[in-house]
Amino acid sequence: GLLQTIAHNFVTERCSGEQIAVGINACRAICVRVPSTLVKEDSNTLNDGETGGGTSSVHVDVEAFARDLAGYAKHRDRSVAVAGRGWTNFVREVHPSLLQGKDRGLKGSALHRAGEKPMRYGETRAADGVAGADLLLEYEAKKEAHMRKKAEKRARG
């Protein structure tokens, strides 16, 4: 696909540092807009009942692709290293299981253990409630108990 073409033409050792950085940043920009490009699809779901024909037989190993681009974070050229770190940080947030354990970071490892995957195109996650609402209820209960104790002390003496 498009990512593989960009990687083959711009992200190679025969290219200059600026070209490699542009290629990595372009791949990151595409994946930011369409995170589903990082999801591995089964061949059965891709070709439902099709027999050969006009479909492309190019298969991209998404894990190897993500790890290769993350490896540029330690490149000798500064602009390439910055682009590689940007790619690594992006993948760490969106789909950390594509990275090696050392590149996932603390939050990425937790997401990996939880089995977090990027959302599909058009998918949304609705909130179940308001974060911290239980803390407000706890505060209100403590405040009410404090006010009762205060009223009891006034009634006694």
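Per chain, residue numbering runs from 1 following the sequence as it is written. Per-residue local features of the predicted model are confined to residues with pLDDT of at least 70, and side-chain atom pairs are confined, for both listing and counting, to 80 or more; whole-chain, interface and lining totals are unaffected and use all residues. By convention in this description, side-chain values take in all heavy atoms of the structure and omit both hydrogens and water.

## Section: the overall build of the protein
So, point 1. In DSSP terms, a helix is any run of H or I states spanning at least four residues, a strand is any run of E spanning at least two, and both are numbered starting from the N terminus. Secondary structure summary: the protein contains seven helices and zero strands in total.
So, point 2. Its helices and strands in sequence order give the protein the pattern α-α-α-α-α-α-α, from N to C terminus.
So, point 3. With 157 residues in all, the protein has 27% of them scored as buried.
So, point 4. Restricting the contact set of the protein to residue pairs at least 6 apart, pairs at least 24 apart contribute 52%.
So, point 5. Exposure was quantified through the Shrake-Rupley algorithm and a 1.4 Å probe, taking into account, for residues, occlusion by the shown protein chains and nothing else. As displayed, the protein has an accessible area near 11,600 Å², and 53% of this comes from carbon and sulfur atoms. Each residue is placed in one exposure class: buried if its accessible area under a 1.4 Å probe, protein chains only, is under 20% of its type's maximum, exposed if it is over 50%, and partly exposed if it falls in between. What makes two residues a contact is simply this: any of their non-hydrogen atoms within 4.5 Å.

## Considerations on the packing of aromatic side chains
So, point 1. Pairing of aromatic side chains requires ring centres within 6.5 Å, counting the rings of Phe and Tyr and the six-membered ring of Trp. Pairs whose planes differ by under 30 degrees are stacked, by over 60 edge-to-face, and all others tilted. For the structure shown, the criterion picks out two aromatic pairs.
So, point 2. Summarising the aromatic geometry, the rings of F65 and W87 are spaced 6.0 Å apart at their centres and angled 80° between planes, so their arrangement reads as edge-to-face. Of this pair, F65 sits in helix α4 (residues 62-71) while W87 sits in helix α5 (residues 78-94), and the two are 22 residues apart along the sequence.
So, point 3. Note on F65: relative accessible area 12%, which makes it buried.
So, point 4. Owing to a relative accessible area of 0%, W87 belongs among the buried residues under this scheme.
So, point 5. When the ring of W87 is compared with that of F90, the centres are 6.0 Å apart and the planes differ by 50°; the resulting orientation is tilted. Of this pair, W87 and F90 are both found in helix α5, three residues apart, which corresponds to roughly one turn of the helix.

## Details of the confidence of the model for the protein
So, point 1. pLDDT gives the predictor's per-residue confidence on a scale running from 0 to 100. Scored by pLDDT, the protein comes out at a mean of 80, with 81% of its residues at no less than 70.
So, point 2. Considering only residues more than four positions removed or in separate chains, one finds that residues 42-57, a stretch of pLDDT under 50, has three contacts.

## Some details on the pattern of salt bridges
So, point 1. The term salt bridge refers to a pairing of a side-chain nitrogen on Lys or Arg with a carboxyl oxygen on Asp or Glu at a separation within 4 Å. Applying the stated criterion to the full structure yields two salt bridges.
So, point 2. The salt bridge partner of R67 is E63, with a shortest N-O separation of 3.9 Å. Residue R67 and its partner E63 are located together in helix α4, separated by four residues, close to a single helical turn.
So, point 3. E138 is paired through a salt bridge with K142; the nearest N and O atoms lie 3.5 Å apart. One end of the pair, E138, and the other, K142, are both in helix α7 (residues 133-156), four residues apart, so they sit about a helical turn from each other.
So, point 4. Residue E138 is classed as partly exposed on the basis of its relative accessible area of 43%.
So, point 5. Residue K142 is classed as exposed on the basis of its relative accessible area, which comes to 56%.

## Notes on α4
So, point 1. Turning to α4, its buried residues are V62, F65, A66, L69 and A70. For α4, the arc enclosing every buried residue in end-on projection is 130°, short of the 170-degree limit, so these residues lie on one face. Directions drawn from the helix axis to the C-beta atoms are what define this arc.

## Regarding the environment of G84
So, point 1. Residue position: G84 is located in helix α5.
So, point 2. In this structure, the C-alpha to C-alpha distance between G84 and N25, residues 59 residues apart in sequence, is 8.3 Å.
So, point 3. The contact partners of G84, leaving out residues within four places of it in the chain, are I24, L69, Y72 and A73.

## Observations regarding the environment of G71
So, point 1. On the secondary structure map, G71 appears in helix α4.
So, point 2. The exposure class of G71 is partly exposed, given its relative accessible area of 48%.
So, point 3. Separated by 16 residues in the primary sequence, G71 and W87 place their C-alpha atoms 9.7 Å from one another.

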